[in-house]
Amino acid sequence: MAATSARALKLLSIFGIGATLTAEELAARLGASVRTVRRDIDTLRDLGYEIEAVRGAGGGYRLGRATRLPPVVFDEDQAVATAVALQTVPAVLSGIRENAARALATLHQAMPARSRLHAKAFTVSSARNYWEFPAPPIDAEIVRAVGSAINRRHLVRVDYTGDGEPVTLTLEPHDLVVWAARWYLVAFDPDADRWRAMRVDRITPHMPTHTPFDRRDIPHGDPVAFVMTAHDRGDAAAEWECRGSAIVALPASTVARFAPGGSTVEYDTETTCRLTLGAWSWPGLAGLLLTFDADITDLEPAELRQALHSLRTRITKGLGPDRPHR
């Protein structure tokens, strides 16, 4: 009986990767006969696991969608990855800390001693540095509501707070992206006939619409690339001791991708944009602007212009007089 249970658990772990495998392939992995494999599949079905039989070319067996949540089997690497995720998720989702802690305790309790030791080696504490400007932890119910609309391909009505008063929008939600500890919704706005990258912490969903829509091709073919290059994604300039701006001779999409956290990018022309950012000192702010390796004009305020003059003097002094090449 113990051997049967161990083999069934191993079979369940194999199914967990999501592949469709023939009885012969499963038998080879388990070192058992095809007849034994089929008997173990029946055992898993009796325990509540939906094991589907797929017919035709490329057919076999796969784990289906269960009507209830049965016990889950992780291998050691999966258990460690889950333990790390459970420790870090409260930093980006609110209302989930207690549940995450309970799930982590349950996972540790169920692990064999060796796996528990490996998982505890990944015990982490979260701390932010000067360059992280995350949104406040997102309400898990907001993520659930928006994610459900994405999964079902239903229109979603939201109140969105941008730079001014909240506006009510009807959107075609396509993807959720987490970048630099900030959540973004990638959605198409039919009324404005444009794509939007929107901060989820500024969204308040209404009741579900249950109105279906057809998915569209996302710009750049990738929601992450779209968010990273969207200059109007709803970010706000952070409260630094020194804050200034300049026109940078680069497209807004380029600067948006590489701008430090807590900065904003405004479209100026096809080849220029205004970058507003902050730093711990005026020379530090000037140095950040220079990292873009592009012409900068219309610098504000005067302290930023003076810092660049000071940097030029220091750099010239540091280089010393030109020496002839030998």
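Residues numbered from 1 in each chain as written. Predicted model: local features only at pLDDT ≥ 70, side-chain atom pairs only at ≥ 80, totals over all residues. Heavy atoms only, no water.

(A) Just the sheet that holds strand 9 (residues 203-205), in detail. Pairing is antiparallel in the open sheet, where five strands are placed in the order 8-7-6-5-9. Because the sheet does not close on itself, it has two edges, and the strands there are strand 8 (194-199) and strand 9. Pairwise comparison of adjacent strand axes, ignoring direction, gives a mean angle of 50° for this sheet. Bridge count between strand 5 (residues 156-160) and strand 6 (residues 167-179): five bridges; the pairing is antiparallel. Bridge assignment links Tyr 160 to a residue of strand 6, and that residue is Val 167. Each of strand 5, strand 6, strand 7 (182-189) and strand 9 touches helix 7 (residues 140-152); the most contacted strand, strand 6, lies at about 95° to it. (Pairing = 2+ DSSP bridges. Helix = DSSP H or I, 4+ residues; strand = E, 2+ residues; numbered from the N terminus. Axes fitted to C-alpha atoms, helices over the stretch in contact; angles between N-to-C directions. Contact = heavy atoms within 4.5 Å.)

(B) Quick peek at the pairing of strand 5. Burial along strand 5 is one-sided: the face carrying Val 156, Val 158 and Tyr 160 is buried and the face carrying Arg 157 and Asp 159 is not. Relative to strand 9, strand 5 runs antiparallel, the two sharing three bridges. Looking at the pairing, Val 158 lines up with Pro 205 of strand 9. (Buried < 20%, exposed > 50% of the residue type's maximum accessible area, 1.4 Å probe, protein only.)

(C) Focus on the pattern of salt bridges. This model, assessed by the stated rule, comprises 14 salt bridges. Ionic pairing is found between Arg 194 and Asp 232, a salt bridge with its closest N-O pair at 2.7 Å. Residue Arg 194 is located in strand 8, and its partner Asp 232 is located in the loop between helix 8 (223-229) and strand 10 (242-248); the two are separated by 38 residues in the primary sequence. Note on Arg 194: relative accessible area 29%, which makes it partly exposed. Between Arg 233 and Asp 235 there is a salt bridge, and its shortest N-O distance comes to 2.7 Å. Looking at Arg 233, the relative accessible area reads 6%, which means it is buried. The structure contains a network of salt bridges with shared partners spanning Arg 182, Arg 199, Asp 201, Arg 233 and Asp 235. (Salt bridge = Lys/Arg side-chain N within 4 Å of Asp/Glu carboxyl O.)

What is shown is where atoms sit, not what they do.
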